[in-house]
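Geometric and topological summary
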Amino acid sequence: VQLQASGGGLVQAGDYLRLSCAASGRNFNRDAMGWFRQASGKEREFVAGASWSGGTVFYADSVKGRFTISRDNGKSMVYLQMNNLKLEDTAVYYCAVKDNLGLYYEAFLNGMDYWGQGTQVTVSS
């Protein structure tokens, strides 16, 4: 199983980025997929999660209204559209997969099964 995240970069506050994660190695169509981030010196935290179909999504309070998670099961991809980026969004962003339908928020908090390598997002003032 491989998860390849991309799309990070250096942007200014108020800008936007779209992260992509390509999944391979198995069929992920019945798995929850999510994004997490880890800022320097801090613990990794949940950002957004999507159920197996993408029909149910969850967000951390800090990104609600600014970030949107989506997935394309035909392409085994999950995306994170990040708008109105803030300085505090600076972190390494990881995509992750859980062998779970992902219909409940707790599924994303109780440990994911597969992790990508991370992509750096830096927001400057």
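In the block above lies the structure referred to throughout.
Residues numbered from 1 in each chain as written. Predicted model: local features only at pLDDT ≥ 70, side-chain atom pairs only at ≥ 80, totals over all residues. Heavy atoms only, no water.

Taken residue by residue, a regular strand's side chains alternate between the two faces of the sheet. Residues F67, I69 and R71 point to one face of strand β7 (residues 67-72) and are all buried, whereas T68, S70 and D72, pointing to the other face, are not buried. Here β7 pairs with strand β8 (residues 77-82) via six bridges, running antiparallel. Residue pairing for β8: F67 is matched across the bridge by M82. Counting the residues that bridge the hairpin from β7 to β8 gives four residues, and of these S76 lies at a positive phi of roughly 55°. (Buried < 20%, exposed > 50% of the residue type's maximum accessible area, 1.4 Å probe, protein only. Helix = DSSP H or I, 4+ residues; strand = E, 2+ residues; numbered from the N terminus. Pairing = 2+ DSSP bridges.)

Assignment of secondary structure puts S20 in strand β3 (residues 17-24). With sequence-adjacent residues up to four places away left out, S20 is seen in contact with Q4, A5, S6, W35, M77, V78 and Y79. (Contact = heavy atoms within 4.5 Å.)

Going through the model one piece at a time under the given rule, you end up with one disulfide. Two residues share a disulfide in this structure: C21 and C95, whose sulfurs sit 2.0 Å from each other. The disulfide joining C21 to C95 has a torsion of about 55° about its S-S bond and is therefore right-handed. Taken together, the positions of C21 in strand β3 and C95 in strand β9 (residues 91-98) put the pair 74 residues apart, joining distant regions of the chain. Given a relative accessible area of 1%, C21 falls into the buried group. (Disulfide = S-S within 2.5 Å.)

Spatially, four strands are ordered β1-β3-β8-β7 in an open sheet, and the strand pairing comes out antiparallel. Each having just a single partner strand, β1 (2-6) and β7 make up the two edges of the open sheet. Recorded for the sheet is a direction-independent mean angle of 15° between the axes of neighbouring strands. (Axes fitted to C-alpha atoms, helices over the stretch in contact; angles between N-to-C directions.)

Scanning all chains against the criterion turns up six aromatic pairs. Centroid distance F46 to F108: 5.7 Å. Interplanar angle 40°. Geometry classified as tilted. Of this pair, F46 sits in strand β5 (residues 45-50) while F108 sits in the loop between β9 and β10 (114-115), and the two are 62 residues apart along the sequence. With respect to burial, F46 and F108 carry one shared label: buried. For the ring pair F58 and Y105, a centre distance of 5.9 Å and an interplane angle of 45° mean the geometry is tilted. (Phe/Tyr/Trp six-rings, centres within 6.5 Å; stacked < 30°, edge-to-face > 60°.)

Following the criterion strictly, the structure yields five salt bridges and no others. Across the pair R26 and D31 runs a salt bridge whose closest N-O atoms are separated by 2.8 Å. R26 gets classed as partly exposed once you look at its relative accessible area, which sits at 30%. The residue E45 makes a salt bridge to R37 at a minimum N-O spacing of 2.6 Å. Taking the relative accessible area as the measure of exposure, R37 reaches 5% and is therefore buried. In the salt-bridge network here, residues are joined through shared partners; they are R37, E45, R66 and D89. (Salt bridge = Lys/Arg side-chain N within 4 Å of Asp/Glu carboxyl O.)

A few words now on unusual backbone geometry. In this model, S76 sits at a positive phi of 55°, which is unusual for a non-glycine residue. Relative to the helices and strands, S76 is located in the loop between β7 and β8.

Coordinates in, geometry out; function isn't part of it.
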